[in-house]
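Architecture and fold: a report
Residue strings, one per chain:
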Amino acid sequence: MPAAANPAIRVPPAAARPAPEALLAWYDRHRRRLPWRAAPGRRQEPYRVFLSEIMLQQTTVVTVAPYYEAFLARWPSVAALADAPLEEVLSAWAGLGYYARARNLHACARAVVARHGGVFPDTEEALLDLPGIGPYTAAAIASIAYERRAAPVDGNWERVVARLFAVDEPLPRAKAKLRALALTLLPDARHGDFAQAMMDLGATICTPRKPACALCPWTEACVARAEGAPERYPVKVAKAAKPARRGVAFLAVRADGAVLVRSRPPKGLLGGMSEVPSTPWEPGGVANPAGHAPLKAPWRALNAPVAHVFSHFALELDVWRADLAAGTTAPAGHRWVRPEGFDAEAFPSVMRKVLAKL
DNA sequence: AAAACGTGGTG
DNA sequence: TCACCAAGTTT
């Protein structure tokens, strides 16, 4: 069904419809230089596209850059990454967040080696079958690394498309409609450049707050701009407030400076990451924190709690400390780690905050 | 299909 | 201070 036949979808005059050539011309002049980007006119290695795209999921360019460089230096190929122990990958990922990405990154590298001879598949369908690769990442690799005609619709694409067509329907319900509209924009060539041009446009011109419409190659075609309030789009449903949880973290410090540490369960929140032992984190905290201490000791509460905000709750962690004799043995499932060994541990940010109380 | 899943920067 | 945001995927 042509969009024009549906009165719910407003379409700009045909003469002003966004032309992919205009965006590509803008991209040729304003493309951002990013560590994972190939030189103009060249394709990027699939592994590098893969690595960067996984890291960039819900994560800013500035945050990702140093991690990308470190991973690439340490594991220059899928095969190298596949050979690495998961613990090392988690440790290198520590601080980046969404740790399932690191577990899936590793699993995906192994799957590419085991199932595809160490070569990333070159179709969206086959890529989609790999762990950690969803519709966005499959389209990103297919277009950027293999020049397939594909639409990696991320938040930038959604914002740009929602404004171009003034889509009133709120996200996330509007996702299917935005994707359908996005597909109408695709060029017949330069698919990788087009995908990245959309992201650059969203990141530098068609920004969430104050879009720079005067600099936009598509300004004439944009319905939201014509309406006078482009920042109104995309419409989103309000998010629920974050509940609070509390807990107590136990900082057991041995005479030689070693700290008692354990690993979290392999899945779920901070899955597989290292942590200082603590009570469960619950609304209102647990009734008897001492009952959760990893060993019997003269625990004393430190005055400054650690505050940390996760994706779906805010945590306030009290910190209790005990100093123990040099010969104290670690309880089952725990280990002593000296400060020199902290960097090799997979401590997430919240645990680095706890350790900072030492 | 809605909820789980991190973190740091910004206005 | 705090809500919102950033190249989403999994269950």
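Residues numbered from 1 in each chain as written. Chains lettered and ligands numbered in written order. Predicted model: local features only at pLDDT ≥ 70, side-chain atom pairs only at ≥ 80, totals over all residues. Heavy atoms only, no water.

1. Examining the overall build of chain A
To keep things clear, this is the line we draw: Helical segments are the DSSP runs of H or I of at least four residues, strand segments are the runs of E of at least two, and each set is numbered from the N terminus. Contacts are assigned to residue pairs that have any heavy atoms within 4.5 Å of one another. Shrake-Rupley sampling with a 1.4 Å probe provides the accessible areas, and residues are treated as covered by the protein chains on show and by no other component. The sign given to each residue is positive for Lys and Arg and negative for Asp and Glu; His and the chain ends receive no count. By convention, charge coordinates are those of NZ in Lys, CZ in Arg, CG in Asp, or CD in Glu.
Summing up its helical and strand segments, chain A has 13 helices and 7 strands in all. Principal-axis analysis of the C-alpha atoms places the extent of chain A at approximately 80 × 45 × 35 Å. Restricting to contacts in chain A with at least 6 residues of sequence separation, those with at least 24 account for 68%. Counting only carbon and sulfur atoms, one obtains 55% of the accessible surface of chain A, whose full area is about 17300 Å². One finds the centroid of the 45 positive side-chain charges in chain A at a distance of 4 Å from the centroid of its 32 negative side-chain charges.

2. A few points about the side chain of Ser 91
Here is the rule: The buried label goes to any residue with under 20% of its type's maximum accessible area, the exposed label to any with over 50%, and the partly exposed label to all in between, with areas taken from a 1.4 Å probe on protein chains only.
Looking at where Ser 91 falls in the secondary structure, it is placed in helix 5 (residues 86–93). On the basis of relative accessible area, Ser 91 is assigned to the buried category, the value being 14%. Apart from the residues lying within four places of it in its own chain, the contact partners of Ser 91 are Asp 343, Ala 344, Glu 345 and Ala 346.

3. Describing the domain arrangement of chain A
For clarity, the threshold we go by: Boundary definitions for the domains trace back to an automatic or database domain assignment. As used here, buried area is the combined drop in accessible area, with a 1.4 Å probe, of two parts when they are placed together.
When its domains are assigned, chain A resolves into domain 1 (16–232) and domain 2 (244–355). Of note, the centres of domain 1 and domain 2, computed from C-alpha atoms alone, are 36 Å apart. Tallying the contact residues gives 7 residues for domain 1 and 15 residues for domain 2. Of the roughly 700 Å² buried at the junction of domain 1 and domain 2 (both faces included), carbon and sulfur atoms supply 56%.

4. Focus on the protein's contact with DNA strand B
Definition in use: Here a residue is considered near a molecule or strand provided that any single heavy atom belonging to it is located within 4 Å of it. As used in this structure description, the phrase polar contact means that two N or O atoms lie within 3.5 Å; if the pair is within protein, one of them must be able to donate a hydrogen and the other to accept it, and residues adjacent in sequence are counted only when both atoms belong to side chains. Just so you know the grouping, Ala, Val, Leu, Ile, Met, Phe, Trp, Tyr, Cys and Pro go in nonpolar, Asp, Glu, Lys and Arg go in charged, and all remaining residues, Gly too, go in polar.
The immediate surroundings of DNA strand B are formed by 18 residues, with Tyr 99, Leu 270, His 308, His 312 and Ser 349 found nearest. Backbone atoms, meaning sugar and phosphate, make up 63% of the atoms of DNA strand B lying within 4 Å of the protein. One of the side-chain nitrogen or oxygen atoms of Arg 209 is found 3.2 Å away from a sugar or linking oxygen of DNA strand B. Leu 269 has a polar backbone atom sitting 3.3 Å from a phosphate oxygen of DNA strand B. Within the surface near DNA strand B, the residues separate by chemical class into 8 nonpolar, 9 polar and 1 charged.

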